[in-house]
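# A look at the structure
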Amino acid sequence: GATDLLVAMTRTGDKGPKGISALIIDTKTPGISYGQKEKKVGWNNQPTAVVNFDDVEVPAENVLGAEGQGFNLAMHGLNGGRINIASCSLGPAQQCFEDVIQYTNDRKAFNRPLNANQHIQFKLAAMATDITTSRLLVRQAAKALDAKAPNAIALCAMAKLHATEKLYKVCDDALQLHGGYGYLKSYPVQQFWRDTRVHRILEGTSEVREITETCIEWGRENRKKPGGICKNWKMGGIIFRGLW
């Protein structure tokens, strides 16, 4: 274990979200053990393993919040988590962009730099645009979350979806522009490419974020209509209503 405390969700009541409570657990508590460290594609400086609980006894005072609030606490934490993951994509993408600018300027083909090629210039311009728009959307979402704005949940979902999708592509394009060198571990672009891939999965997949963005402004009564989420949804007002 690489941590002193665990926060675990456990069922303390009836079926449904109101029966879930959050517990703070000392990792030295008898009955806690760990599986083998997972071998991941990226994020290798963060240990990942299965946590096993075998007849672990936790005192009642270790309940986080009130009993039955675990699910609500987890959902509330996801909004900030989505901003965090979006922010984690900004740094690697920015570094990839700076590296590829330098590389395409230094690398020569047919007696001139690679970035003298108009196609590559267009690619670099698109990368710069995606980084800038992602940064602005992340900051807007963070500001809305701090202010407890009514559109904060939608903006957090948008920031996470936009940043993780666009900025992974920035890293992918940077690796492509490095050519075969980009696939070598002596060039850092490959690590940024590997690390940002999982951002499209963490804190809610991109596919789930698309549903969230589409439905968040509908209201609870519309989401309960027969046929599932987003029946008869239309573009033009539903996603963006009241966001600005």
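Right above here is the structure, for reference.
Structural notes, computed from the coordinates.

Criteria and thresholds
Residues numbered from 1 in each chain as written. Predicted model: local features only at pLDDT ≥ 70, side-chain atom pairs only at ≥ 80, totals over all residues. Heavy atoms only, no water. Salt bridge = Lys/Arg side-chain N within 4 Å of Asp/Glu carboxyl O. Helix = DSSP H or I, 4+ residues; strand = E, 2+ residues; numbered from the N terminus. Buried < 20%, exposed > 50% of the residue type's maximum accessible area, 1.4 Å probe, protein only. Axes fitted to C-alpha atoms, helices over the stretch in contact; angles between N-to-C directions. Parallel < 35°, antiparallel > 145°, perpendicular 65-115°, else oblique. Left-handed = near helix turned anticlockwise from the far one by under 90°. Contact = heavy atoms within 4.5 Å. Nonpolar A, V, L, I, M, F, W, Y, C, P; charged D, E, K, R; others polar.

## Thoughts on the pattern of salt bridges
Tallied over the entire structure, the rule returns 3 salt bridges. The closest approach of N and O atoms between R200 and E165, which form a salt bridge, is 3.0 Å. On the criterion of sequence distance, the pair formed by R200 in the loop between α4 (189–197) and α5 (206–215) and E165 in helix α3 (residues 152–177) is long-range, its members being 35 residues apart. Salt bridges sharing common partners tie together K123, K169 and D173.

## Some thoughts on unusual backbone geometry
The phi dihedral of N111 falls on the positive side, at around 70 degrees, and the residue is not glycine. Checked against the element boundaries, N111 lands in the loop between β6 (108–109) and β7 (112–113). Here N111 falls in the exposed class, since its relative accessible area comes to 81%. Phi at K148 is positive, roughly 55 degrees, even though this residue is not glycine. As for its position among the elements, K148 is in the loop between α2 (118–146) and α3.

## Describing the packing of α3 against α4
Each packed pair of helices is defined by two parameters, the angle between the axes and the distance between the axes. Two elements in contact, α3 and α4, have axes separated by 9 Å at closest approach and are oriented at 150 degrees. In terms of axis orientation, α3 runs roughly antiparallel to α4. Handedness of the crossing formed by α3 with α4: left-handed. Residues Y168, C171, D172, A174 and L175 of α3 form the contact with α4, whose own contacting residues are V189, Q190, F192, W193, T196 and R197. Of the residues belonging to the contact of α3 with α4, the class tally is 7 nonpolar, 2 polar and 2 charged.

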